[in-house]
Amino acid sequence: MKSRAQVLQELEQAKADPTWNTREGEATGSWPHVNAAPAKTRAQVIHELESLTAAEKAYIDSFDNTGA
């Protein structure tokens, strides 16, 4: 078991690595900031869903593994 001081020292050493800023997620404990604004309106999404071809619907349905 490591002490808090040891962990903090390792963290500072890791942050000193020039590649620290290029990593994300579990490697750094930080995740990219996601723009919360939707890229499409609700109407656009509904229109796209309603205009799917039968083949596209079958492809999407193939991901459903609930057996329903």
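See the structure printed just above.
Here we summarise the structure given alongside this text. This structure is a prediction, so every number in the text was calculated from the model and none was measured. Note that residues are indexed from 1 along each chain, following the sequence as it is written. Given that this is a predicted model, residues contribute local features only at a pLDDT of at least 70 and side-chain atom pairs are listed and counted only at 80 or more, while totals for whole chains, interfaces and linings are drawn from all residues. Side-chain measures here rest on the full set of heavy atoms in the structure, leaving out hydrogens and waters.

Further remarks concern the overall build of the chain. On a plain count of helices and strands, the chain comes out with three helices and zero strands. Per the convention used, a helix needs a DSSP run of H or I reaching at least four residues, while a strand needs a run of E reaching at least two, with both numbered from the N terminus. Counted from the first residue to the last, the chain has its helices and strands arranged as α-α-α. For every residue, the accessible area obtained with a 1.4 Å probe (protein chains only) is divided by the maximum for its type, and the residue is called buried under 20%, exposed over 50%, and partly exposed between those limits. Expressed as a percentage of the 68 residues in the chain, the buried residues total 4%. Total accessible area computed for the chain in this model is approximately 6,500 Å², and 57% of it derives from carbon and sulfur atoms. Using a 1.4 Å probe, the Shrake-Rupley method yields the accessible areas, and only the shown protein chains count as cover for residues.

Two side chains with opposite charge may pair up if their charged atoms get near one another. The salt bridge criterion pairs a side-chain nitrogen of Lys or Arg with a carboxyl oxygen of Asp or Glu, the two atoms within 4 Å. According to the stated counting rule, one finds two salt bridges in the structure shown. With a closest N to O distance of 2.8 Å, Lys 2 and Glu 10 form a salt bridge. A residue is classified by how much of its surface remains accessible, and Glu 10, at 37% relative accessible area, is partly exposed. For Glu 48, the salt bridge goes to Lys 40, with nearest N and O atoms at 2.8 Å.

Together, Tyr 59, Ile 60 and Phe 63 make up an exposed nonpolar region whose accessible area comes to about 360 Å². Summarising the element assignment, Ile 60 is placed in helix H3 (residues 54–61). For Ile 60, a relative accessible area of 44% corresponds to the partly exposed category. Like charges within 9 Å and nonpolar side chains (Val, Leu, Ile, Met, Phe, Trp, Tyr) within 5 Å are joined into patches, using only residues over 30% in relative accessible area that form no salt bridge.

Working definition: an aromatic ring pair is given by the centre-to-centre distance plus the angle between the planes. Centres within 6.5 Å make a pair out of two Phe, Tyr or Trp rings, where for Trp the six-membered ring is used; the pair is then stacked when the planes are under 30 degrees apart, edge-to-face when over 60, and tilted otherwise. For the structure on display, the rule yields one aromatic pair. Ring geometry for Tyr 59 against Phe 63: centres 4.9 Å apart, planes inclined by 75°, an arrangement best described as edge-to-face. The exposed category is assigned to Tyr 59, whose relative accessible area is 56%.

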